[in-house]
Amino acid sequence: ASIVIDVTVDLPRRIVRKHDIRVVPLYIIRDKERIPVDYDFKYVFYKKFRDEWLSGKLKTSQPSIGDFLEIFKECEDDILVFTISSELSGTYNVAISASRLVNKNINVIDTRNASVGSGLLVLLSIKQLEKYKLDKVIEMIEKLKQKIKTFAFIEDISYLLNSGRINIIKYSFLRLINKKPIITVEDGRLELFKLSSDLLKDFYELEKQYKIKLYGSNTRKITGKEILINPIVSIHLGPAFGFAVLK
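Parameters and conventions
Residues numbered from 1 in each chain as written. Predicted model: local features only at pLDDT ≥ 70, side-chain atom pairs only at ≥ 80, totals over all residues. Heavy atoms only, no water. Helix = DSSP H or I, 4+ residues; strand = E, 2+ residues; numbered from the N terminus. Buried < 20%, exposed > 50% of the residue type's maximum accessible area, 1.4 Å probe, protein only. Contact = heavy atoms within 4.5 Å. Core = buried A, V, L, I, M, F, W, Y, C linked by side-chain atoms within 4.5 Å. Patch = residues over 30% accessible without salt bridge, like charges linked within 9 Å, V, L, I, M, F, W, Y side chains within 5 Å. Areas by Shrake-Rupley, 256 points an atom, 1.4 Å probe, with all protein chains shown as cover. Salt bridge = Lys/Arg side-chain N within 4 Å of Asp/Glu carboxyl O. Lys, Arg positive; Asp, Glu negative; His and termini not counted. Charge placed at Lys NZ, Arg CZ, Asp CG, Glu CD. Axes fitted to C-alpha atoms, helices over the stretch in contact; angles between N-to-C directions. Parallel < 35°, antiparallel > 145°, perpendicular 65-115°, else oblique. Left-handed = near helix turned anticlockwise from the far one by under 90°. Nonpolar A, V, L, I, M, F, W, Y, C, P; charged D, E, K, R; others polar.

### Here's the deal with the environment of aspartate 31
Positionally, aspartate 31 belongs in the loop between strand 3 (26-30) and strand 4 (33-37). Measuring from C-alpha to C-alpha, the distance between aspartate 31 and leucine 58 comes to 7.8 Å, with 27 residues separating the pair along the chain.

### Some details on helix 5 (residues 91-99)
Working note: α-helix, 3.6 residues per turn, so residues spaced by three or four point in the same direction. Of all the residues in helix 5, the buried ones are Thr91, Val94, Ala95, Ile96, Ala98 and Ser99. For helix 5, the elements touching its buried residues are strand 1 (2-6), strand 3, helix 4 (65-74), strand 6 (78-83) and strand 7 (105-110).

### Thoughts on the nonpolar core
Ranked by size, the top nonpolar core spans 50 residues in total, and within it Ile5, Ile21, Ile28, Phe45, Phe82 and Val122 carry the most contacts. Among the elements that make up this core, the one with the highest residue count is helix 6 (residues 115-129) (six residues). With near-sequence residues (within four places) excluded, isoleucine 28 lies in contact with Glu33, Arg34, Ile35, Val37, Phe41, Phe45, Leu58, Lys59, Thr60, Pro231, Ile232 and Ile235. Of all hydrophobic cores here, the second largest spans 15 residues; its members include Val4, Val24, Ile96 and Ala98.

### What about a negative patch on the surface?
Taken together, the side chains of Glu76, Asp77, Asp78, Asp135 and Glu139 make up a negatively charged region of the molecular surface. Within the secondary structure, aspartate 78 sits in strand 6. Classification of aspartate 78 as partly exposed rests on a relative accessible area of 32%.

### Side note on the packing of helix 4 against helix 5
Orientation of helix 4 relative to helix 5, taken along the N-to-C sense of each, is 55°, at an axis distance of 9 Å. With respect to their mutual orientation, helix 4 and helix 5 come out oblique. Like other packed secondary-structure pairs, helix 4 and helix 5 cross with a definite hand, here right-handed. Side by side, helix 4 and helix 5 meet where Ile65, Phe68, Leu69 and Phe72 of the first sit next to Thr91, Val94, Ala95, Ser97, Ala98 and Ser99 of the second. Residues belonging to the contact of helix 4 with helix 5 are distributed by class as follows: seven nonpolar, three polar and no charged.

By themselves, these figures tell us nothing about what the structure is for.
In structure tokens:
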């Protein structure tokens, strides 16, 4: 089967290359310009757009049906597509619409997660595809989805407030009490896990409770095993780091 991801699904670069994973872009909106974010763009973004990112001027936009169709044409007949949670973006619905226009066996999976959480699901799915037939793997993916949890350690709350991904009334007091949020993705939605006085201390305490992890960051290296978080998620979270786990 061919594997397709949208660019918000964060995976190690060597995995993307080794398994010839196709990546559908999302877009950054800068003034009126739509800039496609493909997989390699994330390595340019933090140098080229750092100031604009940190000043909160950038917006994001989902892929078009055409973006998916272009990739589907290049793929084998059996295609497995992984997208960011449908609660966080319209990308899943666009993928479904595109899949109906192509005469191939396309299975679109709403990862109910984001960034390294979606990436961990893809990594586990690749392992299963080496052992089992596609139909069986799709059944397993549905179960695995519910066991993956992502923790994001947010260094500055203002990006989440700007992006409208978070209830302003509920969180504006965070600025007053000088605590930083740790956010989880639970069943596709962003939820507040904890208010932290010390993000690093909480990071280490949480992290040691789990065996299988995929780390991500756009700000600092903590374990040295982090992969770079994609620009789309970064625009909504601001500077952040974290990891996904298998519960």
